[in-house]
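A closer look at the structure
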Amino acid sequence: MTSRLLVDKIEGKTTAGTVAMPAGHVVQVQYSTNDASYASTTANHAAAFAATNLDVNITPKFSNSIIKIDCLLPFWFHSGLGAEDYFMCTIYRDSTNIGSGTGGRVALFRSGYADSGNAYNLNETVTFYTFDTPNTTSQITYKLYVKTYNGSEVRFIDAGQENTIVATEIAQ
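Predicted model, so just to flag it, every value in this text is computed and none were measured.

**Looking at the nonpolar core**
Ranked by internal contacts, the top residues of the largest apolar core, which has 21 residues, are Ile69, Cys89, Ile91, Phe128, Tyr142, Leu144 and Ile165. Mapped onto this core, the elements with two or more residues apiece are β3 (50–58), β4 (66–79), β5 (84–93), β8 (120–132), β9 (140–148) and β11 (163–170). Considering each element in turn, this core owes the most residues, 5 residues, to β4. Core analysis: the second largest hydrophobic core is formed by 5 residues, Phe49, Met88, Tyr92 and Tyr145 among them.

In C-alpha cells, the structure reads:
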C-alpha cells in the first residue's frame, strides 16, 4: 500500500512563521537572457575588467544562503599576430568582484600563441560558474565582466546567440 500526502500550502507554526527545509535545496532560480546586441572589449591585461550587458537580479530569501552563478556565453575572439592572447571573465556582485582566481578572475579562455604569426579567429561557446555568499536578504545584481590580454578583441552577447546568466539560491 502506498501513502500519499496532498497539500495546497505549507506554512510554519504560528510561533515559527517559516518552514525549515534541509540544507542544499534550491530556494529560487533567477535568470536573464540577452541576444539583442554585442559587447566588445579590447581592454589589455593591466586594465580593469569591462562590464558587459549580461546581468541578473536576485533577492535572497535567507541571509546564510549560497548563490551559484552560471554563465552560458558564446563569443568571437580575434588574437593579434604571433602573440600570446587570452581573455578572462569574472562576476561582480553589485560593485564587488567575487572572482577569487589569479587577477580576480573566475575563468580564463584561449591561452596560447597564434599559429605561425598569423591572426587567429575563434567562435566558441563557454560555460562557467562560481559561488557567492552575499550574507543579505536585499536585492543584489550579478553582472558579467571581461578583459583581454595583448589588446585582442572579444565580442560577447552577439546578436542571434543566446547568452544566459543564472543565479540559484541554495539553502544552508
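From this point on, the discussion continues.
**Some points on the pattern of salt bridges**
Summed over all chains, the structure comprises 3 salt bridges. Residue aspartate 55 is joined to lysine 143 by a salt bridge in which the shortest nitrogen-to-oxygen separation is 3.3 Å. Taken together, the positions of aspartate 55 in strand β3 and lysine 143 in strand β9 put the pair 88 residues apart, joining distant regions of the chain. Note that aspartate 70 is salt-bridged to lysine 68, the shortest N-O span being 3.6 Å. The exposure class of lysine 68 is partly exposed, given its relative accessible area of 25%.

**Some remarks on the environment of alanine 167**
The topology assignment puts alanine 167 in strand β11. In this structure, the C-alpha to C-alpha distance between alanine 167 and isoleucine 66, residues 101 residues apart in sequence, is 10.0 Å. Excluding anything up to four places from it in sequence, alanine 167 contacts Gln28, Val29, Gln30, Val56, Ile58, Ile67, Lys68 and Tyr142.

**Here's the deal with the packing of aromatic side chains**
In this structure the tally under the stated criterion is 2 aromatic pairs. Ring geometry for tyrosine 129 and phenylalanine 131: centres 5.8 Å apart, planes at 80°, overall edge-to-face. A relative accessible area of 49% means that tyrosine 129 is categorised as partly exposed. A residue is classified by how much of its surface remains accessible, and phenylalanine 131, at 44% relative accessible area, is partly exposed.

**Concerning the side chain of threonine 52**
If you trace the backbone, threonine 52 turns up in strand β3. Only 2.8 Å separates the side chain of threonine 52 from the backbone oxygen of leucine 144, close enough to count as a polar contact.

**Some remarks on a nonpolar patch on the surface**
On the surface, Leu5, Val7, Ile10, Val19 and Met21 cluster together to form a nonpolar patch covering roughly 530 Å² of accessible area. With respect to the helices and strands, the residue valine 19 is situated in the segment before β1 (26–34). Judged by relative accessible area, which is 33%, valine 19 ranks as partly exposed.

**Brief notes about the environment of asparagine 135**
Structurally, the position occupied by asparagine 135 is in the loop between β8 and β9. Asparagine 135 gets classed as exposed once you look at its relative accessible area, which sits at 57%. Residues asparagine 135 and serine 63, spaced 72 residues apart in sequence, show a C-alpha to C-alpha distance of 4.6 Å. At 3.3 Å, the side chain of asparagine 135 forms a polar contact with the backbone oxygen of threonine 133.

Cut-offs applied
Residues numbered from 1 in each chain as written. Predicted model: local features only at pLDDT ≥ 70, side-chain atom pairs only at ≥ 80, totals over all residues. Heavy atoms only, no water. Core = buried A, V, L, I, M, F, W, Y, C linked by side-chain atoms within 4.5 Å. Buried < 20%, exposed > 50% of the residue type's maximum accessible area, 1.4 Å probe, protein only. Helix = DSSP H or I, 4+ residues; strand = E, 2+ residues; numbered from the N terminus. Salt bridge = Lys/Arg side-chain N within 4 Å of Asp/Glu carboxyl O. Contact = heavy atoms within 4.5 Å. Phe/Tyr/Trp six-rings, centres within 6.5 Å; stacked < 30°, edge-to-face > 60°. Polar contact = N/O pair within 3.5 Å; in protein donor to acceptor, adjacent residues only side chain to side chain. Patch = residues over 30% accessible without salt bridge, like charges linked within 9 Å, V, L, I, M, F, W, Y side chains within 5 Å. Areas by Shrake-Rupley, 256 points an atom, 1.4 Å probe, with all protein chains shown as cover.

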